[in-house]
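Chains, contacts and geometry: an overview
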Amino acid sequence: EAGVTQSPTHLIKTRGQQATLRCSPISGHTSVYWYQQALGLGLQFLLWYDEGEERNRGNFPPRFSGRQFPNYSSELNVNALELEDSALYLCASSLVPFSRGANVLTFGAGSRLTVL
Amino acid sequence: AQSVTQPDIHITVSEGASLELRCNYSYGATPYLFWYVQSPGQGLQLLLKYFSGDTLVQGIKGFEAEFKRSQSSFNLRKPSVHWSDAAEYFCAVGARNSGYSTLTFGKGTMLLVSP
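Structural notes, computed from the coordinates. Computed from a prediction, not measured in an experiment: that's the story for all the values here.

Quick word on the interface of chain B and chain A
Many structure descriptions define interface size as the accessible area lost when the parts assemble. Tallying the contact residues gives 23 residues for chain B and 22 residues for chain A. In total, about 1800 Å² of surface goes out of reach between chain B and chain A, with carbon and sulfur atoms giving 60% of it. Along the contact surface separating chain B from chain A lie 0 salt bridges. Taken together, the links from chain B to chain A amount to 3 residue pairs in polar contact (both at pLDDT 80 or more). Of all elements in the fold, only β5 (32-38), β6 (44-50), β10 (87-94) and β11 (103-105) of chain B reach the threshold of two or more residues within the side of chain B that touches chain A. The element contributing the most residues to the side of chain B that touches chain A is β5(B), with 4 residues. Tallied by class, the residues present in the side of chain B that touches chain A amount to 11 nonpolar, 10 polar and 2 charged.

Regarding the nonpolar core
The biggest cluster of nonpolar side chains holds 25 residues, and the ones touching the most others in it are B:L19, B:W35, B:L47, B:L48, B:F74, B:L76 and B:Y89. Residue assignment for this core shows that the elements contributing at least two residues are β2 (10-14), β3 (19-21), β5, β6, β8 (64-68), β9 (73-78) and β10 of chain B. Aside from chain neighbours lying at most four places away, what touches B:L47 is B:W35, B:Y36, B:V37, B:G59, B:I60, B:K61, B:F63, B:L76 and B:Y89. Grouped together as the second largest cluster of nonpolar side chains are 22 residues, A:L11, A:L21, A:A38 and A:L46 included.

Examining the sheet that holds strand β8 (residues 74-78) of chain A
Strand pairing in a sheet takes place through backbone hydrogen bonds and is either antiparallel or parallel in direction. Residues and elements named next belong to chain A. The strand order across the open sheet built from 4 strands is β1-β3-β8-β7, with neighbouring strands paired in antiparallel fashion. Every interior strand has two partners, whereas the edge strands, β1 (5-7) and β7 (64-68), have only one. Each adjacent strand pair in this sheet contributes to an overall mean axis angle of 15°, direction not counted. As defined by bridge partners, strand β3 (residues 19-24) adjoins β8 across 5 bridges and the pair is classed as antiparallel. Bridging across to β8, C23 finds its partner in S74.

Conventions used here
Within every chain, residues take consecutive numbers counted from 1 along the sequence as written. As a convention, the first chain written is A and the first ligand written is 1, with the rest following in written order. With the structure being a predicted model, the display of local features is reserved for residues of pLDDT at least 70 and the display and counting of side-chain atom pairs for 80 or more, all residues being used for whole-chain, interface and lining totals. With hydrogens and water set aside, each side-chain value is computed from the structure's full complement of heavy atoms. Two residues qualify as a contact provided that any one of their heavy atoms is within 4.5 Å of a heavy atom in the partner residue. Take the accessible area each of two parts loses on contact, using a 1.4 Å probe, and add the two losses: that sum is the buried area. Here a salt bridge means any side-chain nitrogen of Lys or Arg lying within 4 Å of a carboxyl oxygen belonging to Asp or Glu. Residues adjacent in sequence count toward polar contacts only when both atoms are side-chain atoms; beyond that, a polar contact is any pair of N or O atoms within 3.5 Å, and within protein one must be able to donate a hydrogen and the other to accept it. Put simply, DSSP H or I for four residues or longer makes a helix, DSSP E for two residues or longer makes a strand, and each gets a number counted from the N terminus. Three classes are used: nonpolar for Ala, Val, Leu, Ile, Met, Phe, Trp, Tyr, Cys and Pro, charged for Asp, Glu, Lys and Arg, and polar for all others, with Gly counted as polar. Among the buried residues, those of types Ala, Val, Leu, Ile, Met, Phe, Trp, Tyr and Cys that are joined through side-chain atoms within 4.5 Å form a nonpolar core. Note on exposure labels: buried denotes an accessible area under 20% of the residue type's maximum, exposed denotes more than 50%, and partly exposed covers the range between, all computed with a 1.4 Å probe on protein chains only. Each pair of strands is called paired provided DSSP finds at least two bridges between the two strands. Every axis in this analysis is a line fitted to C-alpha atoms, fitted for helices over the stretch in contact. Angles between the N-to-C directions lie between 0 and 180 degrees.

Laid out in structure tokens, this is it:
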């Protein structure tokens, strides 16, 4: 089966622009998670979507937003880009969220965003 | 809220030697526990997981981990390291039956393998 796919692989933007990153979960997975991996900061939880709704978000400003589509794919938008937004953005999916039982997050290869 | 500590930022091991990567967590009950590995520029690959039952769990690539409730630890081990094991390793916890429903990761341990 196909894994979690993310696009684009690399994206270069300038300060103030907007970036859109996309994620397709494993078939049958309804939960999608976004993480930011910036140099020296580890993996920071950004957003969690389940069944089309935003269920939780991490400690990030509102210019980080997203949505989940009826086919469970997801989009992450970052507005008014700042230099410190440069990072690897990882998407993961799971069959069910932890609130409904034990499960595993499967990660995509990530989208590398560079802000100049 | 849960938290994860990986006390070693870097570890260097000789090829063929044994490996132990440390992970301590903070959570009010027994969490779900995971180890992931990340090669440079890549996503995360699941090595192994603990949900319940036997506290010694086996994973892929010859890795194993032991859950010790009394020490709030979930250390990763491998008896003989190969050069291809050089990567960054992340320990993560997930809260059971929680509306938070995501993973909290440690800062990672970079494994270097010397010839």
